[in-house]
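# Remarks on the overall topology
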Amino acid sequence: MKKYTYTEKKDTRSGFGAGLHEAGKRNKNVVALCADLKGSLKMDDFANEFPDRFVQVGIAEANMMCIAAGMTIGGKIPFTGTFANFSTGRVYDQIRQSIAYSGKNVKICASHAGLTLGEDGATHQILEDLGLMKMLPGMVVINPCDYNQTKAATLAIMEYEGPVYLRFGRPSIPVFTPADQKFEIGKAWMVNEGTDVTIVATGHMVWRAIEAGEKLAELGIDAEIINIHTIKPLDEEAVLKSVKKTGCIVTCEEHNKFGGLGESIARLLTTTYPAPQEFVAVDDSFGESATPDQLMTKYKLDPADIVAAVQKAISRKK
Amino acid sequence: MKHTISELEDIASQVRRDVLRMVHAVQSGHPGASLGCADFFTALYFEVLNHNTKFSMDGLGEDLFFLSNGHISAVWYSVLARSGYFEVNELATFRKLNTRLQGHPTTHEHLPGVRIASGSLGQGLSVAIGAALTKKLNRDNNLVYCLLGDGELQEGQNWEALMFAPHHKVDNLIASIDYNGQQIDGPTEKVLSLENLQAKFESFGWHVITSDGNDMAAITKALHYAKSLTGKGKPILNLMSTQMGFGVDFMVGTHKWHGTPPSDAQLDNALGQLKETAGDY
């Protein structure tokens, strides 16, 4: 198992904020819109340096999404910022008609996704957003794994022409990917090469997969770990290549088991290379109030849950 | 004036013929408000709008128009074709397989003149505001126009947009309301009353003007006047009274023709009331 270390913990939303600020410096067409969550989305640096290019919409997310769509007409690159719940379910029809179907170059940037929002509870902990967004034709769906990767992803989507959903979160987690990384949309990131099982993980679950990989190594299981930061388009080649080598797979996501990364992988495998698959995901449930760590344990998203899923997947190999 | 009022009225008559023939041919579509807005669209595209029929999505250096109540696509398509965005004969493909003239307007099939999909109601004013903000950032002094249905105002998002535009001084925007008092299920007063729209818009901070949308001289004058009010710190709202089905005696003033196509005999009757001025497609 390749050794991963970190010197600090940071929130991925701050990676977005830093990326947005940098994007604003690099391209004068970048504009940012926010629905009364500028501080929570870490958009202050952008707003302070480029006040003319920052639009405070107020608590009106539907209006924000359609204003963003309109702003693309004339060449602007709008980044919208609010919580993941209000970036998707609340405004699904606006995104569907005015952004996705209309093919507009809007970057929907969504913080506080998943259970790790913590104490605010289930009204704010969306676990369905990946599914909602990946079903929209032409929508790119990205869920980076740490601060550095979120910053790099924010800059990468600026360069990409078309609608993007960028998902990140609130808790401070280890920063273990390089600061100078190049983020390639749709290109899986090999975390650790192994032979016994493939573990694919997205977002906050990547570090947990690494912790699980270390435990598995102690048990004599050699896990291949892949960071799927882009859920759509899925790097099918990387997943298939790995599963053909290992013969089974575990998918890890801070999301409902319905509609997320795991189902994308299942569709890929059943139509090309059927193999045992286990899901580490929320079991069709809403969340609740508690600390992020308590919730990740209760909803079975801990490294120990990944280890158990791996053992089950391996036992199902023929 | 680029055209006389009489010339504009002739164009509107041809546009009404197009609308009726389009919805009749596929026995689907929305003739009622399309007929009611034929004068507005004609005045806008043939007289008021600074536009380039060699279409570009970004529309730099020209005025932009957004249709929020996308179900009246037939009248928009007719006016786009008649003003030169695409061949008039393409109107014959309306709502048919593989057409660029989808039931509701879309950019997906790349029809020149359309810059956003609409149909799901309540989104167009927000889109127009966004385009107007970009015009300001680009230091482009051209204007953004938008048309909304009155029934559509029951969608809450409009009131988010109505609140936003005055606060942010979006004064390069002219929104018109097709104030015909009808919607699918009946008169708006019965379905969900709009109450005093002028007072509502004014209290939100818009500069409101009223107009008669079925009088070519009046609507042309109103749009020119609206233009003169731009750049003064307030968005402009043209509360435009129209009659659904205007121009055809048995269709006028009722919600029954909102989404109902005419029969063969009804089409003949209706076309007999409308002069063919520019040649049917």
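Sequence positions are assigned chain by chain, starting from 1 and proceeding in written order. Lettering for chains starts from A, numbering for ligands starts from 1, and both go in the order in which the items are written. A pLDDT threshold of at least 70 governs which residues receive local features in this predicted model, and a stricter bar of 80 or more applies before side-chain atom pairs are shown or counted, although totals over entire chains, interfaces and linings include all residues.

### Brief notes about the domain arrangement of chain A
For interface size, the figure often reported is the accessible area lost on association. Domain boundaries assigned for chain A yield domain 1 (9-174) and domain 2 (189-315). Listing elements by their share of the side of domain 1 of chain A that touches domain 2 of chain A, those giving two or more residues are helix H6 (129-134), strand S6 (140-142), helix H7 (147-159) and strand S8 (172-174) of chain A. Annotation comment: domain bounds sourced from an automatic or database domain assignment. Every helix listed is a DSSP run of H or I at least four residues long, and every strand listed is a run of E at least two residues long, numbered separately from the N terminus.

### Notes on the interface of chain B and chain A
C-beta atoms are placed from the backbone for every residue, and two residues are taken to be in contact when these atoms lie within 7 Å. Counting residues at the interface gives 29 residues for chain B, matched by 23 residues for chain A. Breaking the side of chain B that touches chain A down by element, the ones donating at least two residues are helix H5 (124-137) and helix H6 (157-167) of chain B. For this scheme, ten residues count as nonpolar: Ala, Val, Leu, Ile, Met, Phe, Trp, Tyr, Cys and Pro. Four count as charged, namely Asp, Glu, Lys and Arg, and the remainder, Gly too, count as polar. Among the residues making up the side of chain B that touches chain A, the classes are represented as 13 nonpolar, 12 polar and four charged.

### So, the sheet that holds strand S6 (residues 207-212) of chain B
Residue and element names in this part refer to chain B. Here a strand pair is declared whenever DSSP counts at least two bridges between the two strands. Here five strands make up an open sheet; going across it, the order is S1-S2-S3-S7-S6 and the pairing parallel. Taken across any chain shown, the strands that pair with only one partner, and hence form the sheet edges, are strand S1 (64-67) and S6. Taking the axes of each pair of neighbouring strands and ignoring which way they run, one obtains an average angle of 20° across the sheet. Bridge count for S1 against strand S2 (residues 144-149) is four bridges, and the pairing is parallel. Directly across from leucine 64, in S2, lies its bridge partner valine 144. Axis definition: a line fit to C-alpha positions, over the contact stretch in the case of helices; interaxial angles, taken between N-to-C directions, run 0 to 180 degrees. Against the sheet, H5 engages S1, S2 and strand S3 (173-179), with an angle of about 175° to S2. Of the strands in this sheet, S3, S6 and strand S7 (236-241) are in contact with helix H9 (residues 216-228), which crosses S6 at around 165°.

### Some words on the nonpolar core
Side chains that are nonpolar tend, in soluble globular proteins, to be buried together. Defined on buried residues, the nonpolar core groups Ala, Val, Leu, Ile, Met, Phe, Trp, Tyr and Cys residues joined through C-beta atoms within 7 Å. Working definition of burial: number of other C-beta atoms within 10 Å of the residue's own, with buried at 20 or more, exposed at 12 or fewer, and partly exposed in between, all C-beta atoms being placed from the backbone. Membership of the largest hydrophobic core comes to 187 residues, with the highest contact counts inside it found for Ile199 of chain A together with Ala128 and Ile129 of chain B. Excluding residues that lie within four positions of it along the chain, isoleucine 199 of chain A makes contacts with Ala209, Ala212, Gly213, Ala223, Glu224, Ile225, Val250, Cys252, Ile306 and Val310 of chain A.

### Brief notes about the sheet that holds strand S5 (residues 107-111) of chain A
Residues and elements named next belong to chain A. Across the sheet, seven strands lie side by side as S3-S2-S4-S5-S7-S6-S12; this open sheet has mixed pairing. Of all strands in the sheet, those bounded by a partner on one side alone are strand S3 (54-56) and strand S12 (230-232). Ignoring strand direction, the axes of neighbouring strands in this sheet form an average angle of 20°. Where strand S2 (residues 30-34) and S3 come together, three bridges link them in parallel fashion. What sits directly across from alanine 32, in S3, is phenylalanine 54. Seen against the sheet, helix H3 (residues 61-71) touches S2, S3 and strand S4 (77-83) and runs at an angle of roughly 165° to S4.

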